[in-house]
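Topology and contacts: notes
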Amino acid sequence: MDDHGWEERMVEQLREQVGNLLAAAQLLTPAIREQKEQKYDQYLAILNQGLYRLLRLTEHSDLYLRGGAPRRKELVETQTLCRSLGSQVEGAAATLGVQFQWECQGRETTVEADRALLERLLLLLLKDALRAAGRGGRVGLRAVGDGNRVRITVWDDGERETACGQEDGEGPEASLLRRAGGRPETALARAIAAANGGTLVFEQGEERGVRAVLSLSAAPEREALRTPQMGYDATGGFQTLLVELSDLLPYQAYGPEELE
């Protein structure tokens with residue numbers, strides 16, 4: 001078995017064990033809550049957050065191995081997706097003390113992509129923006145479509161810890177990527193964008209901060225109707241936002257009542 005085969009096997013085993021732990025935690029939660037001890041709810045929240053972080057690590061490892069490739073493609077209404085994400089992120093941003101605004105402009109633009117992966121990509125970008133903005137900062141999500149192409153922008157007004165100046169031989173975008181944090185999630189986001197036929201670029205904010213701009217072309221018109229398919233849910237029914245922001249949100253967001 002080659003290295004890639006071993007990596008796939010490890011991810012498979014990790015997913016199996018995480019699934020077992022999640023199932024056990026769900027079965028234990030009612031019995032623990034019957035004790036009606038506030039400290040037990042706190043312990044459960046810490047446990048749940050740790051499990052969500054493990055789930056996130058598992059899915060990211062799988063995506064790295066697949067190069068961000070979609071499991072299945074479908075027709076996705078991008079502005080509808082952004083409206084759904086915007087309403088979800090509002091609560092998370094408020095918890096973090098970040099001012100969040102979102103807007104959809106122009107025409108609804110339908111693309112052919114993996115909806116779950118597009119949602120994860122945007123959450124990766126939003127998480128980095130929320131982290132950079134910090135308490136009292138500002139983050140935004142904006143989708144602009146014209147029916148032929150859609151541009152989805154995630155921006156923030158935060159400051160990244162960076163080395164001064166530009167390294168020798170480093171282009172402006174590479175320098176900006178380093179300023180944007182240089183985290184593995186950035187490479188993963190770009191891989192997902194490319195695998196779904198889009199482009200992801202990073203730009204300097206007007207005054208400070210970074211803008212991540214995802215550009216996607218509209219799906220070609222087809223005369224034949226497409227047979228609906230059951231989607232693949234990599235998170236096993238757990239809310240993607242809570243999975244992706246599990247290392248950013250406070251543990252209180254993972255209490256039993258919040259997850260019900």
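Bear in mind that the values here come from a model prediction, so they are computed numbers and not experimental data. (Residues numbered from 1 in each chain as written. Predicted model: local features only at pLDDT ≥ 70, side-chain atom pairs only at ≥ 80, totals over all residues. Heavy atoms only, no water.)

Quick look at the overall build of the protein chain
Definition in use: What counts as a helix is a DSSP run of H or I of at least four residues, what counts as a strand is a run of E of at least two, and both are numbered from the N terminus. A simple rule labels every residue: compare its accessible area, found with a 1.4 Å probe on the protein chains alone, to the largest value its type can have, and call it buried under 20%, exposed over 50%, or partly exposed in between. Should any heavy atoms of two residues lie within 4.5 Å, those residues are counted as being in contact. For the accessible areas, the method is Shrake-Rupley and the probe is 1.4 Å, while residue cover comes only from the protein chains on display.
Helix and strand content of the protein chain: 8 helices and 7 strands. Looking at the 260 residues of the protein chain, the share that counts as buried comes to 42%. Residue pairs at least 24 apart in sequence account for 76% of intrachain contacts in the protein chain once pairs closer than 6 positions are excluded. A total accessible area of about 14,200 Å² is found for the protein chain, and carbon and sulfur atoms account for 49% of it.

With respect to helix α6 (residues 184-195)
Our working definition: Each helix should span, by expectation, one fewer than its residue count multiplied by 1.5 Å.
With 12 residues, α6 ought to run about 16 Å at 1.5 Å a step, and its terminal C-alpha atoms sit 17 Å apart, in line with that. Taken from the residues just after α6, Gly197 is the one with a positive phi, measuring 80°.

Describing the packing of helix α2 (residues 38-66) against α6
Spelled out, the test is: The axes are straight lines fitted to the C-alpha atoms, using for helices just the contacting stretch, and the angles between their N-to-C directions are given from 0 to 180°. Should an angle fall under 35 degrees it is called roughly parallel, over 145 degrees roughly antiparallel, and 65 to 115 degrees roughly perpendicular, with every other angle called oblique. Each crossing is labelled by how the near helix is turned from the far one, with a counterclockwise turn of less than a right angle marking it left-handed and a clockwise turn marking it right-handed. Three residue categories are used. Nonpolar comprises Ala, Val, Leu, Ile, Met, Phe, Trp, Tyr, Cys and Pro, charged comprises Asp, Glu, Lys and Arg, and polar comprises the others, including Gly.
Between α2 and α6, the least distance of the axes is 10 Å, while the angle of their chain directions is 55°. In terms of orientation, α2 and α6 fall into the oblique class. Between α2 and α6 lies a crossing whose hand is left-handed. Packed against α2, whose contacting residues are Arg56, His60, Leu63 and Tyr64, the element α6 presents Pro184, Glu185, Leu188 and Ile192 at the interface. Tallied by class, residues from the contact of α2 with α6 come to 5 nonpolar, 1 polar and 2 charged.

Quick look at the packing of aromatic side chains
Under the convention used in this document: Whether two aromatic rings pair depends on their centres lying within 6.5 Å, for rings of Phe, Tyr and Trp, where Trp uses its six-membered ring; planes under 30 degrees apart make the pair stacked, over 60 edge-to-face, and the rest tilted.
Following the criterion strictly, the structure yields 3 aromatic pairs and no others. When the centroid spacing of 6.3 Å and the interplanar angle of 45° are considered together, the rings of Tyr40 and Tyr43 count as tilted. Of the two residues, Tyr40 and Tyr43 both sit in helix α2, 3 residues apart, roughly one turn of that helix. Accessibility expressed as a relative area gives 29% for Tyr40, which makes it partly exposed. Since its relative accessible area comes to 47%, Tyr43 is described here as partly exposed. Note on Tyr52 and Tyr254: the rings are 5.2 Å apart at their centroids and 65° apart in plane angle, and the pair reads as edge-to-face. A residue pair is termed long-range when its members are at least 10 positions apart, and Tyr52 in helix α2 and Tyr254 in the loop between α7 (240-244) and α8 (256-259) qualify at 202 residues. Overall, Tyr52 belongs to the buried group, its relative accessible area being 6%. Given the relative accessible area of 0%, Tyr254 is considered buried.

Notes on the sheet that holds strand β4 (residues 138-145)
In plain terms, the rule: Here, any two strands with at least 2 DSSP bridges between them count as paired.
With mixed pairing, the 5 strands of this open sheet are ordered in space as β2-β4-β5-β7-β6. On the outer flanks of this sheet lie β2 (99-106) and β6 (199-204), each paired with one strand and no other. Strand-to-strand twist in this sheet, taken as the mean axis angle between neighbours without regard to direction, amounts to 15°. Both strand β5 (residues 149-156) and strand β7 (residues 210-217) contribute to a ladder of 7 bridges, which runs antiparallel. Residue pairing in the sheet places Ile152 in a bridge with Leu214 of β7.

Considering α2
For α2, which comprises 29 residues, the first-to-last C-alpha distance of 42 Å matches the rise-based estimate of 42 Å (1.5 Å per residue) to within 8%. Remark: Gly67 follows α2 within two positions and exhibits a positive phi of approximately 65°.

Brief notes about the environment of Gly145
Of note, Gly145 is situated in strand β4. With a relative accessible area of 7%, Gly145 lands in the buried category. For the pair Gly145 and Ser215, spaced 70 residues apart in sequence, the C-alpha to C-alpha distance is 9.7 Å. Among all residues touching Gly145, those that are not within four sequence positions of it are Gln79, Gln105, Gly106, Arg107, Thr109 and Val150.

Some words on the confidence of the model for the protein chain
The condition that has to hold: Per-residue confidence from the prediction method is given by pLDDT, with values spanning 0 to 100.
Summing up the model confidence of the protein chain, the mean pLDDT is 85 and the portion of residues at 70 or higher is 83%. This stretch, residues 162-166, has a pLDDT under 50; its non-local contacts, to residues over four places away or in other chains, come to 9 contacts. Under a pLDDT of 50 for its full length, residues 223-232 has, in the predicted model, 9 contacts with residues more than four places off or in other chains.

Some thoughts on the environment of Leu125
Tracing the chain through its elements places Leu125 in helix α4 (residues 115-133). Of the residues examined, Leu125 reaches a relative accessible area of 9% and is grouped as buried. C-alpha separation for the pair Leu125 and Thr186, spaced 61 residues apart in sequence, amounts to 7.7 Å. Apart from the residues lying within four places of it in its own chain, the contact partners of Leu125 are Val154, Ala189, Leu200, Phe202 and Ala212.

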